[in-house]
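Okay, here's what each chain looks like letter by letter:
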Amino acid sequence: MHVLLKELELPHATVGCVECLSVAVLFEQVLLSFFGCDAASLLPRSPSLSDFVRVYRQQRSQCPSKQTRYIVMEKAELLRDADANLLPALLRLQELVEDNVTVVLLSEIVWDKFRPNTGCFEPLLLHFPDYSKGELQQVLSRDKHPSYSAEFYSSYINILLGVFFSVCRDLRELRHLAALNFPKFCEPLAEGKVKETDAHKLWRNIEPHLKKAMRTVYLREVSSLQWEQMQQTEERDTAAVRGLSAHTHVELPYYSKFLLIAAYLASYNPARTDKRFFLKHHGKIRKTNFLKKNEKTSNHLLGPKPFPLDRLLAIFYSVVDSRVAPTASIFSQISSLVTLQLLTQVSHADQLDAPKYKCAVSMDFICAISRCVCTCFLIHGSRRENRIVQVNGPFTSFLLKENVFFL
C-alpha cells in the first residue's frame, strides 16, 4: 500500500500501530506527514482527539489539497487496545475535520473481531487472499541474482518454497530467507563441484541449512551476518551433536515428556517389576537369581514391548513431580505423541477399552528429555543387563533405596 501511494504521488501518512505507544504519537505522525514539523509542534503535550481535530482544521484551511489525503493504519487490530472513541473517530474523520481524507485500515483479522461494541461507521471491506505457491514463485523469482541465470534462481525458489510454504507465506519473510540462504545454495557451484542443472546435489547441500533456518522463521533473533557466522561455527563443531536422533530437538509439552519417559520404562521394563520400582512400600520381595532364557539378553536388543494404557498411566502418575488429575488433556497428549510417531499404537483403532502402545524413541532421546524435566538418568552397562539409575527426581527417597530400574 505504501509503495502504491508513493508511486502515484498521492499525499499520504503511513502509521504503524505497533510503533504508536500512545495516541499522541499517532496524531504527530499524521500532522507531520501532511503539514510538516510546524503543525505537529502545535499539539499540546498530551493531546486529545479534539486537539488533533482543531489543529488539523487550522492547517487544512492554510494548506488546502486538491487530491484526497490518505491515512494508512498498519496492524489496525491494535486499535482495539486504544481509547474507546479513537476507532469510531477515525472512521468518521472526514466529517470531523471537514476535509477530503480517507482512512485505510490494514489488518490480518476480519473486521468482526475488532468492531467496537458501542457501534461505529461501517467501512468498506476489501479482502486480499494469500498468495498461492505459484504466485509466490513468480514474485520471488524477480529478485534473481545477476551472476546466475533466471532458470537457476527459479529452481532455488522452488526448493525454498517446498520447505517453507507450509509454515510461512509472508512475502517479506520469504524474501529474507531467500537472500539469506542463496549463497549457501551456490557454494558447490562456485567450487566447481556441480553444474546448474544438477538439482539433486544442490538440494542435498542446502537441505540441512534450510531445516535449521526453519527453527527461526519470523524470530529474527540474529542478523544475517551473525547467522552466517553461526552456520560456519556449527559446521566446524558438528561432532558434538552427532549420534542423537533428529527427534531430540522436538519441543514437547511438560506432561508429554513425562508420558514419554513412562512409555519408555513400560516398553523396556517387565511388568512384574513395576511394583518394586514405582511403589514406596511394596513389601518384601523374594530375591532369586533365576532368569528366563529371553531375560538373559538385553531388552534393548529385543526391542520395545507393547504395554496397555492403564500401565502407562500408572507409571506416569508415579514419576511425575506433582499430582495430576486424569483429564482429557492427558489423553489428548498421548494421541499427539502417536501422531508425532514417538509412540506407536499396536492395537486396533476400534479397540477403545484397552489400547496398547509401544515406545518408538531411543535411549539418547529419553536422556535428553529427562534432562529437560530435571530427572537425570545415568546409564550403566554389564554383561547381562543395562541399568538406569534415577539420580535426581521427584521420588528420589525411595528410588535411591531400590537404586535401579532393570531393563
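Structure: see above.
Residues numbered from 1 in each chain as written. Predicted model: local features only at pLDDT ≥ 70, side-chain atom pairs only at ≥ 80, totals over all residues. Heavy atoms only, no water.

Some remarks on the overall build of the protein chain
Thinking step 1. Across its full length, the protein chain holds 18 helices and nine strands.
Thinking step 2. For the protein chain, the residues scored as buried account for 38% of the 407 residues in total.
Thinking step 3. For the protein chain, the share of sequence-separated contacts (at least 6 apart) that also reach a separation of at least 24 residues comes to 62%.
Thinking step 4. Carbon together with sulfur atoms contributes 53% to the accessible area of the protein chain, which is approximately 25300 Å² in total. (Helix = DSSP H or I, 4+ residues; strand = E, 2+ residues; numbered from the N terminus. Buried < 20%, exposed > 50% of the residue type's maximum accessible area, 1.4 Å probe, protein only. Contact = heavy atoms within 4.5 Å. Areas by Shrake-Rupley, 256 points an atom, 1.4 Å probe, with all protein chains shown as cover.)

Some thoughts on unusual backbone geometry
Thinking step 1. For E98, which is not glycine, the phi dihedral falls at a positive 55°.
Thinking step 2. With respect to the secondary-structure elements, E98 resides in the loop between α6 (93-97) and β3 (101-105).
Thinking step 3. E98 sits in the exposed class, given a relative accessible area of 52%.
Thinking step 4. Here Q341, not a glycine, exhibits a phi torsion of approximately 65°, which is positive.

Here we look at helix α16 (residues 328-339)
Thinking step 1. Its 12 residues place the ends of α16 17 Å apart at the C-alpha level, agreeing with the 16 Å of an ideal helix rising 1.5 Å per residue.
Thinking step 2. Listed as buried for α16 are I330, Q333, I334 and L337. Buried residues of α16, viewed axially, fall in a sector of 105°; they line one side. More than 90 degrees from the buried face of α16, the exposed residues found are A328 and T339.
Thinking step 3. In this structure, the buried residues of α16 make contact with α12 (254-268), α15 (309-319), β5 (343-345) and β6 (356-359). (Expected span 1.5 Å × (residues − 1). Arc of directions from axis to C-beta.)

Topic: the environment of V319
Thinking step 1. Tracing the chain through its elements places V319 in helix α15.
Thinking step 2. Among the residues examined, V319 registers a relative accessible area of 9% and is labelled buried.

Examining a nonpolar patch on the surface
Thinking step 1. The grouping of M1, L4, L8 and L106 at the surface amounts to a nonpolar patch, some 360 Å² of accessible area in total.
Thinking step 2. Relative to the helices and strands, L8 resides in the loop between α1 (2-7) and β1 (12-16). (Patch = residues over 30% accessible without salt bridge, like charges linked within 9 Å, V, L, I, M, F, W, Y side chains within 5 Å. Salt bridge = Lys/Arg side-chain N within 4 Å of Asp/Glu carboxyl O.)

Overview of helix α7 (residues 133-141)
Helical geometry note: an α-helix holds 3.6 residues per turn, so side chains three or four residues apart project in the same direction.
Thinking step 1. Of the positions making up α7, those classed as buried are L136, Q137, V139, L140 and S141.
Thinking step 2. In this fold, the buried residues of α7 make contact with α8 (150-164) and α9 (171-190).

What to know about the layout of surface pockets
Thinking step 1. Computed from the structure, the largest pocket encloses a volume of approximately 2400 Å³.
Thinking step 2. Along its surface, the largest pocket is lined by 43 residues, and L105, L106, S107, L126 and F128 are the ones closest to its centre.
Thinking step 3. Looking at the lining of the largest pocket, the elements that each hand over two or more residues are α1, α5 (86-91), α6, β3, α7 and α9.
Thinking step 4. When residues of the lining of the largest pocket are assigned to their parent elements, the largest contribution, five residues, is made by β3.
Thinking step 5. The class makeup of the residues in the lining of the largest pocket is 26 nonpolar, five polar and 12 charged. (1 Å grid on protein atoms, 1.4 Å probe; cavity = no way out; pocket = protein on both sides within 12 Å on 5 of 7 lines; lining within 4 Å. Points joined across faces, edges and corners; volume = space filled by probe spheres on them. Nonpolar A, V, L, I, M, F, W, Y, C, P; charged D, E, K, R; others polar.)

Description of the sheet that holds strand β2 (residues 69-74)
Thinking step 1. Here three strands make up an open sheet; going across it, the order is β1-β2-β3 and the pairing parallel. The sheet is open, and its two borders are formed by β1 and β3, each paired with just one other strand. With direction set aside, neighbouring strand axes in the sheet form an average angle of 15°.
Thinking step 2. Lying on the sheet, helix α2 (residues 23-35) is in contact with β1 and β2; it crosses β1 at an angle near 155°. (Pairing = 2+ DSSP bridges. Axes fitted to C-alpha atoms, helices over the stretch in contact; angles between N-to-C directions.)

What to know about the nonpolar core
Thinking step 1. Counting residues in each nonpolar core, the largest one holds 36 residues, and the members touching the most others are L260, F316, I334 and F365.
Thinking step 2. Elements with a contribution of two residues or more to this core: α12, α13 (274-278), α15, α16, β6 and α17 (363-372).
Thinking step 3. The greatest single-element share of this core, amounting to 10 residues, is contributed by α12.
Thinking step 4. Not counting residues within four places of it along the chain, the set of residues in contact with F316 comprises Y255, F258, L259, A262, V324 and I330.
Thinking step 5. Counting 31 residues, the second-largest nonpolar core is a separate cluster that includes F34, V53, V55 and V101. (Core = buried A, V, L, I, M, F, W, Y, C linked by side-chain atoms within 4.5 Å.)

A look at the environment of T68
Thinking step 1. Note that T68 resides in the loop between α4 (49-62) and β2.
Thinking step 2. When the C-alpha atoms of T68 and D99 are compared, they prove to be 8.5 Å apart, with 31 residues separating the residues in sequence.
Thinking step 3. Not counting residues within four places of it along the chain, the set of residues in contact with T68 comprises P11, N100, V101 and T102.

A short note on the sheet that holds strand β4 (residues 307-308)
Sheet strands pair via backbone hydrogen bonds, and the direction of the pair is either parallel or antiparallel.
Thinking step 1. Spatial strand order, β4-β6-β5: three strands in an open sheet with antiparallel pairing. On the outer flanks of this sheet lie β4 and β5, each paired with one strand and no other.
Thinking step 2. Bridge count between β4 and β6: two bridges; the pairing is antiparallel. Note that in β6 the partner of F307 across the bridge is Y357.

Some thoughts on the side chain of R311
Thinking step 1. With respect to the element layout, R311 can be found in helix α15.
Thinking step 2. Judged by its relative accessible area of 12%, R311 falls in the buried class.
Thinking step 3. Within the structure, R311 has its side chain in polar contact with the backbone oxygen of N269 (distance 2.8 Å).
Thinking step 4. Beyond its immediate sequence surroundings of up to four residues, R311 is in contact with L265, A266, N269, P270, A271 and D274. (Polar contact = N/O pair within 3.5 Å; in protein donor to acceptor, adjacent residues only side chain to side chain.)

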